[in-house]
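# Architecture and fold: a report
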Amino acid sequence: MLTETAYAKINLALHVRRRRDDGYHELETLFAFVDDGDRLAARPSQQDSLATTGEFAPAIDDPFGNIVAKALGKLPHGPGWAVDLEKRLPVAAGLGGGSADAGAVFRLVEQAHGLPDDWARRAAALGADVPACVLSRACIGTGIGTDLEEVPNDLAGTPVLLINPRVPMPTGPVFKGWDGQDRGPMPSGSLVQIALDGRNDLEAPARALQPVIGEVLTALRQTGAFLSRMSGSGATCFALYDQTADRDAAVASLADRHPDWWQMSGALR
């Protein structure tokens, strides 16, 4: 049996530059990945199958249309695989959960058979975040997020806390609420400098749709984090800490004050 983690994706910065003629948005984003997420296991079978468990499994109501099944269909992997997916990341949460699952499938196939030379094109056909999630390493994404440039990672090992107020946030309405104003390019420099000097242009429209995101950010900014921001199109927010003890204190404090909020803690890869 092969196993793989679908690492949670966060956008340390997300700059929306313009709406393209094809309907997509021109983006500049700094991808980072947490050392935890969904968990997948695969074993040889006569045909492909998918069994889903975990807290957020009920949100996947079409197993045949799930991106894991679609990813299997994109890659040669023998007669078939029986895949078990433990869905630990919330859905429509700004964490690339589905994309991360697809990325994990690509890595499983890489373990067993290697990947075709055009794996990035096949991954992009599944979603703009999927190529980055296949790599699951810090990188800059441009275009619609599929043009990737790996960068030296001076944030590896940084303690991180993810908080989701358990409200789904579909990407479409958030982008529709963006005001169309180009606020300038993503800054250059080290990973930590880009993160600190960057922004998330989707935070304002997401907060307009779900004001609880502002409550999450306020709570995180009271925990001693050196950076707190919304990830992707929300509603998950993250906080980065200098010390593991500070993160763990935040975990305990927020669990006590907001027991209904979903949490995941770990470190950046």
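Look a little higher up for the structure.
Report follows, based on the coordinates. (Residues numbered from 1 in each chain as written. Predicted model: local features only at pLDDT ≥ 70, side-chain atom pairs only at ≥ 80, totals over all residues. Heavy atoms only, no water.)

## Details of the packing of helix 1 (residues 67–74) against helix 2 (residues 97–113)
What counts here: Convention adopted: a line fitted to C-alpha atoms gives each axis, helices being fitted over their contacting stretch, and angles between N-to-C directions are expressed from 0 to 180 degrees. Only DSSP runs of H or I covering at least 4 residues are called helices, and only runs of E covering at least 2 are called strands; the numbering of each starts at the N terminus. Handedness of a helix crossing follows the sense of rotation of the near helix relative to the far helix, less than a right angle counterclockwise being left-handed and clockwise being right-handed. Here a residue-residue contact requires only that any non-hydrogen atoms of the pair lie within 4.5 Å.
Where helix 1 meets helix 2, the closest approach of the two axes is 9 Å, and the angle between their N-to-C directions is 35°. For the pair helix 1 and helix 2, the crossing hand works out as right-handed. Contacts between helix 1 and helix 2 involve Ile-67, Val-68, Ala-71 and Leu-72 from the former and Gly-98, Ser-99, Asp-101, Ala-102, Val-105 and Phe-106 from the latter.

## Side note on the pattern of salt bridges
Spelled out, the test is: By definition here, a salt bridge exists when the distance from a side-chain nitrogen of Lys or Arg to a carboxyl oxygen of Asp or Glu is within 4 Å. When accessible area is computed with a 1.4 Å probe and restricted to protein chains, residues below 20% of their type maximum are described as buried, those above 50% as exposed, and intermediate ones as partly exposed.
Scanning the entire structure with this criterion turns up 21 salt bridges. A salt bridge links Glu-55 to Arg-166, with the shortest nitrogen-to-oxygen separation between them at 2.6 Å. Highlighted residues: Glu-55 in the loop between strand 3 (49–53) and helix 1 and Arg-166 in the loop between strand 7 (159–164) and helix 5 (171–177), separated in sequence by 111 residues. When its relative accessible area of 47% is taken as the criterion, Glu-55 is described as partly exposed. The exposure class assigned to Arg-166 is partly exposed, which follows from its relative accessible area of 40%.

## Focus on the sheet that holds strand 7
Cut-off, in case you're wondering: Here, any two strands with at least 2 DSSP bridges between them count as paired.
With respect to topology, 4 strands assemble into an open sheet ordered 8-9-7-10, the strand pairing being antiparallel. Two strands lie at the open edges of the sheet, namely strand 8 (227–230) and strand 10 (262–267), each paired on one side alone. Averaged over all adjacent pairs, the angle separating strand axes in this sheet is 15°, with direction ignored. Pairing of strand 7 with strand 10 involves 6 bridges; the strand directions are antiparallel. The residue of strand 10 that forms the bridge with Val-160 is Gly-266. Helix-sheet contacts for helix 9 (residues 244–257) involve strand 7 and strand 10, and the interaxial angle to strand 7 is about 20°.

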